[in-house]
Amino acid sequence: MGCTAADLVTAIRAVADTVAEHRVELIQLDRAIGDGDHGENLDRGFKAVLTALDAATPDSPAAVLKTVATTLISKVGGAAGPLYGTAFLRASTAVKDRGELEAADVVEALTAALGGVVARGKAELGDKTMVDALDPAVKAATGDSVAAVLSAAADAAEAGAEATVPLVARKGRASYLGERSAGHMDPGARSTMLLLRAFAEVAAR
Ligand code: ADP
Ligand code: MG
Ligand code: MG
């Protein structure tokens, strides 16, 4: 059983709820090594996404992902807005023409999303960014069902986010702190894990 446009809208609503629930936590993580706006940026962005989805009701998974992308790009400032926007845009392109997403489509979408983040932000593994959650997630994203793929991806993203704690940031605002960025989890890696976990939980229902 594949993931329809309506299923994907349900998942995006769950993502928006998760982001709202973790808004303060993401703000605090970003306050430690950045400018403290990550939770606010994402919460505002995903609230705008919900408004856009209510207004349009996209009729394919690709169209849902594209609505998310264009809304995040236009409504969210900072580093994460364009990066997440690019990720969703590449994912949309990857699943163009599919009426329902199967496990292999989700793997392709995640792979494309990572490619977009790396193309846009030029971060490498170990730079203490969202790539440190998304790259292991893509590598782990295998399974016979959408739920299995997303669960494996979310688990790997969680471990990847935890592993950013001791790292010294080499990209983004946190890199201005140099060695002082060590000892804190990267907020973007944490939010990437939260997004993937929300997708996985909806797929498992
Ligand atoms: P800003 O730093 O502009 O305030 P946010 O606080 O919303 O933007 O997002 C910060 C997060 O963006 C970081 O925690 C990191 O995960 C991610 N990030 C920053 N620069 C890059 C980059 N070049 N590549 C990948 N991710 C990045
Ligand atoms: Mg910030
Ligand atoms: Mg900022």
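As the structure is a computational prediction, the values presented were derived from the model and not from experiment. (Residues numbered from 1 in each chain as written. Chains lettered and ligands numbered in written order. Predicted model: local features only at pLDDT ≥ 70, side-chain atom pairs only at ≥ 80, totals over all residues. Heavy atoms only, no water.)

## A look at the coordination of the magnesium ion (ligand 2)
Within the first shell, the magnesium ion (ligand 2) binds the protein through Asp30 (OD), Asp35 (OD) and Asp37 (OD), at distances of 2.1 to 2.2 Å. Binding-site remark: the magnesium ion (ligand 2) is held by donors from one chain whose sequence spacing is D-x4-D-x1-D. A distance of 3.5 Å spans the gap from the magnesium ion (ligand 2) to the magnesium ion (ligand 3), which Asp35 bridges by coordinating each metal. (Donors = N, O, S within 2.8 Å, 3.2 Å for Na, K, Ca; no water.)

## A word on the coordination of the magnesium ion (ligand 3)
Those donors, Asp35 (OD) and Asp37 (OD), are the protein atoms that reach the magnesium ion (ligand 3), and they lie 2.1 to 2.2 Å from it. Asp35 sits in the partly exposed class, given a relative accessible area of 37%. For Asp37, a relative accessible area of 24% translates into the label partly exposed. (Buried < 20%, exposed > 50% of the residue type's maximum accessible area, 1.4 Å probe, protein only.)

## Description of the site of ligand 1
The immediate surroundings of ligand 1 are formed by 20 residues, with Asp35, Asp37, Ala79, Gly121 and Asp186 found nearest. With respect to ligand 1, the backbone of Ala79 contributes an N or O atom lying 2.9 Å from an oxygen atom. Within the contact set of ligand 1, an oxygen atom lies 3.0 Å away from a backbone nitrogen or oxygen of Gly188. With the chains in place, 92% of the 570 Å² that ligand 1 exposes on its own is no longer accessible. Put simply, ligand 1 lies in the second largest pocket. Of all elements in the fold, only helix 3 (38-56), helix 5 (80-94) and helix 9 (187-203) reach the threshold of two or more residues within the shell around ligand 1. Split by residue class, the shell around ligand 1 holds seven nonpolar, seven polar and six charged. (Near = heavy atom within 4 Å. Polar contact = N/O pair within 3.5 Å; in protein donor to acceptor, adjacent residues only side chain to side chain. Areas by Shrake-Rupley, 256 points an atom, 1.4 Å probe, with all protein chains shown as cover. 1 Å grid on protein atoms, 1.4 Å probe; cavity = no way out; pocket = protein on both sides within 12 Å on 5 of 7 lines; lining within 4 Å. Sits in = over half its atoms within 2 Å of the grid points. Helix = DSSP H or I, 4+ residues; strand = E, 2+ residues; numbered from the N terminus. Nonpolar A, V, L, I, M, F, W, Y, C, P; charged D, E, K, R; others polar.)

## Let's talk about helix 4 (residues 61-75)
The first and last C-alpha atoms of helix 4 sit 21 Å apart over 15 residues, in line with the 21 Å expected at 1.5 Å per residue. If you check which residues of helix 4 are buried, you get Pro61, Ala62, Val64, Leu65, Thr67, Val68, Ala69, Thr71 and Leu72. Those residues of helix 4 hidden inside the fold are in contact with helix 1 (5-21), helix 3 and helix 5. (Expected span 1.5 Å × (residues − 1). Contact = heavy atoms within 4.5 Å.)

## Observations concerning the layout of surface pockets
Taken as a whole, the largest pocket encloses approximately 710 Å³ of empty space. Along its surface, the largest pocket is lined by 34 residues, and Leu8, Val106, Val146, Leu150 and Phe199 are the ones closest to its centre. Elements with a contribution of two residues or more to the lining of the largest pocket: helix 1, helix 5, helix 6 (103-121), helix 8 (146-162) and helix 9. For the second largest pocket, the calculated volume is near 530 Å³. Lining the second largest pocket are 28 residues, with Ala79, Ala80, Leu83, Gly172 and Arg173 positioned closest to its centre. Those elements that provide at least two residues to the lining of the second largest pocket are helix 2 (23-33), helix 3, helix 5, helix 6 and helix 9. Here the lining of the second largest pocket is built from residues that sort into 11 nonpolar, eight polar and nine charged. (Points joined across faces, edges and corners; volume = space filled by probe spheres on them.)

## Focus on the packing of helix 3 against helix 4
Where helix 3 meets helix 4, the axes come as close as 9 Å, and the angle between the chain directions of the two elements is 135°. Compared by their axis directions, helix 3 and helix 4 come out oblique. Of the two possible hands of crossing, helix 3 and helix 4 adopt the one that is right-handed. In contact with Arg44, Gly45, Phe46, Ala48, Val49, Ala52 and Leu53 of helix 3, helix 4 contributes Val64, Thr67, Val68, Thr71, Leu72 and Lys75. By residue class, the composition of the contact of helix 3 with helix 4 is eight nonpolar, three polar and two charged. (Axes fitted to C-alpha atoms, helices over the stretch in contact; angles between N-to-C directions. Parallel < 35°, antiparallel > 145°, perpendicular 65-115°, else oblique. Left-handed = near helix turned anticlockwise from the far one by under 90°.)

## Structural notes on the environment of Asn41
Within the element layout of this structure, Asn41 appears in helix 3. The contact partners of Asn41, leaving out residues within four places of it in the chain, are Val76 and Gly77.

## A few points about the nonpolar core
Ranked by internal contacts, the top residues of the largest apolar core, which has 64 residues, are Ile12, Phe46, Leu72, Phe88, Leu110 and Phe199. Setting aside anything within four residues of it in sequence, one finds Leu72 in contact with Gly45, Phe46, Val49, Gly81, Tyr84, Gly85 and Phe88. (Core = buried A, V, L, I, M, F, W, Y, C linked by side-chain atoms within 4.5 Å.)

## Focus: the confidence of the model for the chain
When pLDDT is averaged along the chain, the result is 97, and 100% of the positions lie at 70 or above. Interface confidence in the predicted complex, given as ipTM, is 0.99; pTM for the same model is 0.98. (pLDDT = per-residue confidence, 0-100.)

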